[in-house]
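Spelled out from the first residue to the last, the chains are:
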Amino acid sequence: MLQRLATPADLPRGERVIVFSPHPDDDVISMGGMLQALFNNGNTVMVAYMTTGERGVSAADIERHQLFLQTLGLAYDDVSEMKIAIRWSEALSAIMVYGMLAENARQLRLPFYTLGGNAPLTDADVAIVYALLDEVQPHHIFVAADLQDPHGTHEQCFLAVQQAAARYAPPLTAWLYRGAWQEWGIDEADVFLPLRPADLEMKILAIKRHRGQMHAPPVAGNDPREFYERAHARNLETGQRLSATTGADVYAAEAFVVMDKTAFVTTPPNKETG
Ligand SMILES: [Zn+2]
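Parameters and conventions
- Residues numbered from 1 in each chain as written.
- Predicted model: local features only at pLDDT ≥ 70, side-chain atom pairs only at ≥ 80, totals over all residues.
- Helix = DSSP H or I, 4+ residues; strand = E, 2+ residues; numbered from the N terminus.
- Expected span 1.5 Å × (residues − 1).
- Buried ≥ 20, exposed ≤ 12 C-beta atoms within 10 Å, placed from the backbone.
- Arc of directions from axis to C-beta.
- Contact = placed C-beta atoms within 7 Å.
- Pairing = 2+ DSSP bridges.
- Axes fitted to C-alpha atoms, helices over the stretch in contact; angles between N-to-C directions.
- Parallel < 35°, antiparallel > 145°, perpendicular 65-115°, else oblique.
- Left-handed = near helix turned anticlockwise from the far one by under 90°.
- Nonpolar A, V, L, I, M, F, W, Y, C, P; charged D, E, K, R; others polar.

**Points about helix α5 (residues 123-136)**
Taking 1.5 Å of rise per residue, the 14 residues of α5 would be expected to cover 20 Å, and the 20 Å separating its terminal C-alpha atoms lies within 8% of that figure. All of the buried residues along α5 are Asp125, Val126, Val129, Leu132 and Leu133. All buried residues of α5 fall inside an arc of 125 degrees around its axis, so they share one side. Exposed and oriented more than 90 degrees from the buried face of α5 are Asp123, Ala124, Ala131 and Glu135. Contacts from the buried residues of α5 go to β1 (16-21), β2 (44-49), β3 (105-107), α4 (111-114) and α6 (153-167).

In structure tokens form, the structure reads like this:
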């Protein structure tokens, strides 16, 4: 039985885990501490980047990479693939902070996003997620549940995982995470992972590896803060609230809602702020 205030020793060990990250940076922004603990616990961790995130690449960033290629005498003119490569390489660089490698990551490139705008979810999207579940046979899945992102991409991704999980026969445990756009309230979350100052520093380092998302990226939403500042503030606030309610000395913490597959597949997407 999981402790509500978990230590890494209470978390999964030696099991198979898929972290579904809607954009290439949600994993480290929202659950960098958990990612570190899961990997260090010897789990087989696969981070599945559901969308390419290409619309989050600025013109200045593309220009810089084009100059980089030209300087090396290399020619490449597919701007869309360059944007995808920028986000992918940043995502890999970020998880490498935790010692993870390319073998721990997968690009799903869900079609609803690559078709431009956010097209309706189709069976093609769900089939891709299902194929990964079937391949990895995870004991645990982590799913983004901060559904207040500006274009609704997180909700589309949530629904894709939910529909794929409904078709998938084996049992699994679903962990719903938040962080980039909103956070779980103390009364909502089932499990908290306390972070020491060094853990939070490491998490911020990983978030900052998404260099193209710093300093006013194209999709920043209404919150003027950098993503690492949001994560820092939210984790500290959760720690303060936990300290006040439990009497424990919690510096910072990530929060998770945990449920079995049966409950997960019938849970309506919840956009409420915690
Ligand atoms: Zn996102």
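**Describing helix α8 (residues 227-246)**
Between its terminal C-alpha atoms α8 stretches 28 Å, which fits the 28 Å expected from 20 residues at 1.5 Å a residue. Residues of α8 that are buried: Phe227, Tyr228, Arg230, Ala231, Arg234, Asn235, Thr238, Gly239 and Leu242. Taken around the axis of α8, the buried residues stretch over an arc of 160 degrees, which confines them to a single face. Taken together, the buried residues of α8 touch α1 (26-40), β6 (191-195), α7 (197-208) and β7 (252-260). Once α8 ends, the next one or two residues include Gly247, with phi positive near 85 degrees.

**Description of the pairing of strand β4 (residues 140-144)**
Counting buried positions along β4 gives four out of five residues, so the element sits mostly inside the fold. Judged from the four bridges that link them, β1 and β4 form a sheet pairing that is parallel. Within β4, the position partnered with Val19 by the bridge is Phe142. By the bridge criterion, five bridges tie β4 to strand β5 (residues 173-177) in an arrangement that is parallel. Bridge pairing in β5 links Ile141 to Ala174.

**Focus on the packing of α7 against α8**
Between α7 and α8, whose axes approach to 9 Å, the crossing angle comes to 155 degrees. The pairing of α7 with α8 is recorded here as roughly antiparallel in orientation. The crossing of α7 and α8 is right-handed. Facing Leu200, Lys203, Ile204, Ile207 and Lys208 of α7, the residues of α8 in contact are Phe227, Tyr228, Ala231, His232 and Asn235. The class makeup of the residues in the contact of α7 with α8 is six nonpolar, two polar and two charged.

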